[in-house]
Amino acid sequence: MKNQKKLLILFIAILICILVFFVIQIYAKYLTTANGDAEMKIANWNILVNDLSIKNHTDISSSIVPVFPGNENISSGIIAPTAEGYFDLNFDFSGADVSFNYEINTSISEDSPVKDLVATGYSIDDGEKHNFKDFNETISENIMLDSNIKKRKVRIYIMWNDDESTSSMSNEADTTATNSTTPAIFHVDISFKQLK
């Protein structure tokens, strides 16, 4: 009987050791922890227009240079009724890591003495001119990340509209505008929006 008690105590002790071992293993699973930081590169959003960054809503007025080549009746470098010219917007997208859309809207400035200065069309990367059905239409394009387009040149064609059926200025107003010391002012609004 004494041997049986000793065996029983030994058996119980072994069971308690096994039970403690399993409890520690189970308990340890719940106490095991790990931590760390995931580092991710933030997408760049640095688009240049005529070599100026638009990141901080830059006024690019000084970089928009209208060109009026002139013709046999109008000197180059000036505008007059029927004068036609253009200006270029050179985009550099190499600092953008996302797909996006750009939109260009043009209009005559309220401060301009010439109210009939209009955009007549545009071309992309010295390609074919796309004429507007109406003046000052929106120019828009999606630039997809996988297209690998890093630069874009948009040429916008402008003219002093002197067509009586579509112009707002009379001959007297044209004459007054040509005598003004204030230059003609054409407003260009460019927006960039990330595509989702």
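Structural notes, computed from the coordinates. (Residues numbered from 1 in each chain as written. Predicted model: local features only at pLDDT ≥ 70, side-chain atom pairs only at ≥ 80, totals over all residues. Heavy atoms only, no water.)

## Structural notes on the overall build of the protein
This is how the line gets drawn: Counting from the N terminus, the helices are the DSSP runs of H or I reaching at least four residues and the strands are the DSSP runs of E reaching at least two. Each radius of gyration is computed over the set of C-alpha atoms, and the globule rule expresses the reference value as 2.2 Å times the number of residues to the power 0.38. Exposure is judged per residue with a 1.4 Å probe applied to protein chains only, and the accessible area is read against the type maximum: over 50% gives exposed, under 20% gives buried, and values in between give partly exposed. Should any heavy atoms of two residues lie within 4.5 Å, those residues are counted as being in contact. Residues scored as charged are limited to Lys and Arg (positive) and Asp and Glu (negative), so that His and the chain ends carry no count. Note that the charge is assigned to NZ on lysines, CZ on arginines, CG on aspartates and CD on glutamates.
Of regular secondary structure, the protein possesses two helices and nine strands. Secondary structure of the protein in N-to-C order comes out as α-β-β-β-β-β-β-β-β-α-β. Against the 2.2 N^0.38 benchmark of 16 Å for 196 residues, the protein shows a C-alpha radius of gyration of 36 Å, more extended than a compact globule. In terms of overall dimensions, the protein has a C-alpha envelope of 130 × 30 × 30 Å along the principal axes. Here the protein, with 196 residues, has 31% of them falling under the buried criterion. Taking the intrachain contacts of the protein between residues at least 6 apart in sequence as the baseline, contacts between residues at least 24 apart amount to 73%. Here the protein carries 16 positive and 26 negative side-chain charges, and the mean point of each set is 31 Å from the other.

## Overview of the packing of aromatic side chains
To be explicit about the condition: Ring geometry is summarised as follows: Phe, Tyr and Trp rings, the Trp one being its six-membered ring, pair when their centres sit within 6.5 Å, and such pairs are stacked at plane angles under 30 degrees, edge-to-face over 60 and tilted between the two.
Counting across every chain of the model gives 10 aromatic pairs. Judged by centre distance (5.8 Å) and plane angle (90°), the ring pair of tryptophan 45 and phenylalanine 100 falls under edge-to-face. A residue pair is termed long-range when its members are at least 10 positions apart, and tryptophan 45 in strand 1 (residues 45–49) and phenylalanine 100 in strand 4 (residues 100–108) qualify at 55 residues. With 5.0 Å between their ring centres and 65° between their planes, phenylalanine 91 and tyrosine 102 make a pair best called edge-to-face. Here tyrosine 102 lies in strand 4 and phenylalanine 91 lies in strand 3 (residues 84–96), a separation of 11 residues in the sequence.

## Brief notes about the pairing of strand 3
Rules: By the convention used here, strands pair only if DSSP detects at least 2 bridges between them.
The pairing of strand 1 with strand 3 spans four bridges and is antiparallel. Across the sheet, residue tryptophan 45 finds its bridge partner in strand 3, namely alanine 96. Here strand 3 runs beside strand 8 (residues 151–160); their pairing, made up of nine bridges, is antiparallel. Bridged to tyrosine 86 within strand 8 is tyrosine 157.

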